[in-house]
Amino acid sequence: HWVYLKFMTVQINYKSSSSKKVSSNLILFVDEKFNISGLKKHISNSEFLYISDLLKTSDLKKDLLFFEINSKKTIFLVSIKKDIKTSDIESLGAKFHGYIDYDKKNDYFVNSDTINSKIKNFVGYFLHGLKLKSYEFNIYKSKKDKKLVSINVIGNENKISAQDQLRFKALEEGTFFARDLVSEPGNILHPDEYAKRINSLKKFGLKINIYDDKKLKKLGMNALLGVGQGSIRGSYLVTMEWNGAKNNSKPLAFVGKGVCFDTGGISLKPAKFMEDMTYDMAGSATVVGLMKNLAVRKAKINVVGVVGLVENMIGGNAQRPGDIVKSYSGKTIEILNTDAEGRLVLADALTFTEKKFKPKFMVDLATLTGAIIVSLGSEYAGLFSNDDKLSKQLLNAGDKVEEKLWRMPLHKNFDKLINSKNADMQNINYVGGAGSTTAAQFLQRFILNKTPWAHLDIAGMAFSKYGGALNSGGATGYGVRLLNKLIEDDYE
């Protein structure tokens, strides 16, 4: 598929050489007071005197200062705060990306010998932030600027091991894959194409099963199928298995909503901003990106990713408000609003995942409700869970990678708001209010065996109009790094 091509903007090389001989741009690290006495052995005497003089009139409250030595060489000083966290280091790398001049074909040299910090892989986190910020989606532009810049890591101290280099690379590849999927327009990445792209990940060692309309009908996944029945495209449930543990331990399970385009169905959305509904499959993209990351870095853990892929369209065969469907769990659902469709996809996917894989826990991700954006904006994703331990682990992982979560309530009193007169339940709360919570209560009804479960409503986090610390606007890939951190810290 030609659409897989992406131009890598930043290439990273590891070299051993002295920065005194470097005639290109040089990145050096200093303390928060910009004390440069330790840099004497890394730069020439004239450069040292020149920078010392300019520092007298510089704003030392900044994280980063730069000094143009000549037309080919700029020296950058990056300040390391005493209480710096790994997420702050990534932000510094992202900030530094803003200073890269792609038009000047000069190389950049990062001197790791100047890093005075106890944090392991400091340079790895710095470059990771830089790489994440460098992402751009430009495959549909007929005029492409071939941007490529080389970042060379020099020095003998604070080296990053080959294994840790792979860890960062895998995370970047997983995040970028998720961003690519979310960025694709609906006419290209419909469910048929999406299933093919997931299938291409077999080459990394993932075991992939694709359940098409025929198989889903046989299984009785009528909640999922109902959402996609108005589209000329197929509907799918795709499972991705990574068996990296040497034993048969229960897998961790991640489930994603993959509505490739959401018109709202017969309960049609307003025209304004409907074009953004190409990102209604961001939950599934996170799961796919996470699975690619785990396979690339050969994670020593058993994990399964499950995604429901549909297109919610209007048409002669589209689901109607008032329809009643029987889900895979056997429970019946009255469809009062065809735009509350993501929960129908997840309902069948969650029950199937629990029954087939008997996982240690399940985490689902979905751009599920506009109500979560009203609550939390674009700063936090909503976390709903039946398990305090899993919630705590997710909250901690989110804090570490700056993909923040805020726990929201679940309570049986909310549950009665989705009881139906005509079926076991209805897919929206008609009384109004608690939109995100009643959606989560709906999902909880499809966890049949009390499996620890968490639902992440990422509607405000999956796409950023104005860009964030580690992305330049557009698809964020939110959740890949968060869930990878959860796995690394608590389960691997």
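That block above? That's the structure.
Residues numbered from 1 in each chain as written. Predicted model: local features only at pLDDT ≥ 70, side-chain atom pairs only at ≥ 80, totals over all residues. Heavy atoms only, no water.

*Asks:* Explain the layout of surface pockets residue by residue, including any values.
*Replies:* Put simply, the second largest pocket is a space of about 560 Å³. Lining the second largest pocket are 29 residues; nearest its centre among them are K269, D339, L368, T369 and G370. Contributing elements (two or more residues each) for the lining of the second largest pocket: β9 (252-262), α9 (342-357), α10 (371-376) and α13 (435-444). (1 Å grid on protein atoms, 1.4 Å probe; cavity = no way out; pocket = protein on both sides within 12 Å on 5 of 7 lines; lining within 4 Å. Points joined across faces, edges and corners; volume = space filled by probe spheres on them. Helix = DSSP H or I, 4+ residues; strand = E, 2+ residues; numbered from the N terminus.)

*Asks:* How would you summarise the sheet that holds strand β14 (residues 381-385) if you had to cite specific residues and measurements?
*Replies:* The strand order across the open sheet built from 8 strands is β7-β8-β10-β9-β13-β17-β14-β15, with neighbouring strands paired in mixed fashion. What marks the edges here is a single partner per strand, and that holds for β7 (207-211) and β15 (405-407). Adjacent strand axes in the sheet meet at a mean angle of 20° when their direction is disregarded. Sheet analysis places β7 next to strand β8 (residues 236-243), joined by 5 bridges and oriented antiparallel. (Pairing = 2+ DSSP bridges. Axes fitted to C-alpha atoms, helices over the stretch in contact; angles between N-to-C directions.)

*Asks:* Quick one: what's the story with a negative patch on the surface, residue by residue and with numbers?
*Replies:* A surface patch of negative charge is lined by D31, E32, D83, D88, D399 and E402. With respect to the helices, strands and loops of the structure, D31 is situated in strand β2 (residues 25-31). Among the residues examined, D31 registers a relative accessible area of 35% and is labelled partly exposed. (Patch = residues over 30% accessible without salt bridge, like charges linked within 9 Å, V, L, I, M, F, W, Y side chains within 5 Å. Areas by Shrake-Rupley, 256 points an atom, 1.4 Å probe, with all protein chains shown as cover. Salt bridge = Lys/Arg side-chain N within 4 Å of Asp/Glu carboxyl O. Lys, Arg positive; Asp, Glu negative; His and termini not counted. Charge placed at Lys NZ, Arg CZ, Asp CG, Glu CD. Buried < 20%, exposed > 50% of the residue type's maximum accessible area, 1.4 Å probe, protein only.)

*Asks:* Quick one: what's the story with helix α2 (residues 86-97), residue by residue and with numbers?
*Replies:* In a regular helix each residue adds 1.5 Å, so 12 residues correspond to 16 Å; α2 covers 17 Å between its end C-alpha atoms and thus fits that length. Those residues of α2 that sit buried are S87, I89, E90, L92, G93, A94, F96 and H97. (Expected span 1.5 Å × (residues − 1).)

*Asks:* Requested: an account of empty space enclosed by the protein, with residues and values cited.
*Replies:* Going through the model one piece at a time under the given rule, you end up with 3 cavities of 30 Å³ or more. When its volume is computed, the largest cavity comes out at roughly 40 Å³. If you go around the largest cavity, the residues you meet are A178, V182, A282, A285, T286, I458, A462, T476, G477 and Y478. The greatest single-element share of the lining of the largest cavity, amounting to 3 residues, is contributed by helix α8 (residues 282-296).

*Asks:* Residue-level account of the pattern of salt bridges, with values.
*Replies:* Scanning the model with the defined rule gives 28 salt bridges in all. For R167, the salt bridge goes to D164, with nearest N and O atoms at 3.3 Å. Placement of both R167 and D164 in helix α4 (residues 162-183) is noted, with a separation of 3 residues, approximately one turn of the helix. Of the charged contacts in the structure, one is a salt bridge between R297 and E492, with a shortest N-O distance of 2.9 Å. A residue pair is termed long-range when its members are at least 10 positions apart, and R297 in the loop between α8 and β10 (302-312) and E492 in the segment after α14 (480-490) qualify at 195 residues. Its relative accessible area of 12% is what places R297 among the buried residues. The exposure class of E492 is partly exposed, given its relative accessible area of 39%. Put simply, K120, D164, R167, K400, K485, E488 and D489 are held in one network by salt bridges that share partners.

*Asks:* Provide a residue-level description of a positive patch on the surface, including the pertinent values.
*Replies:* On the surface, K250, K355, K358, K360 and K389 cluster together into a patch of positive charge. Of note, K250 is situated in the loop between β8 and β9.

*Asks:* Account for the sheet that holds strand β11 (residues 324-326), with residues named and values stated.
*Replies:* Spatially, β11-β12-β16 is the arrangement adopted by the 3 strands of the open sheet, whose pairing is mixed. Edge strands, defined here as strands with exactly one partner in the open sheet, are β11 and β16 (425-426). As paired elements, strand β12 (residues 332-334) and β16 share 2 bridges and run parallel to each other. Residue pairing for β16: E334 is matched across the bridge by Q426.

*Asks:* How would you explain the environment of N13 if you had to name every residue and give the values?
*Replies:* Summarising the element assignment, N13 is placed in strand β1 (residues 10-14). Along the backbone, N13 and S87 are 74 residues apart, and their C-alpha atoms lie at a distance of 22 Å. For N13, the contacting residues outside a window of four places in its chain are S150, I151, N152 and V153. One polar contact links N13 to N152, side chain to side chain, over a distance of 2.9 Å. (Contact = heavy atoms within 4.5 Å. Polar contact = N/O pair within 3.5 Å; in protein donor to acceptor, adjacent residues only side chain to side chain.)

*Asks:* Go over the packing of aromatic side chains, please, and point to the residues and values.
*Replies:* By the definition in use, this model includes 19 aromatic pairs. Centre to centre, the rings of F96 and F126 are 6.0 Å apart; their planes meet at 35°, and the pair counts as tilted. In this pair, F96 sits in helix α2 while F126 sits in helix α3 (residues 122-134), placing the two residues 30 residues apart along the sequence. There is no split in this pair, since F96 and F126 are both buried. An angle of 80° between the planes, with centres 5.1 Å apart, marks the rings of Y125 and F168 as edge-to-face. Here Y125, found in helix α3, pairs with F168, found in helix α4; they are 43 residues apart in sequence, far enough to count as distant. Neither residue differs from the other here; Y125 and F168 are each classed as buried. (Phe/Tyr/Trp six-rings, centres within 6.5 Å; stacked < 30°, edge-to-face > 60°.)

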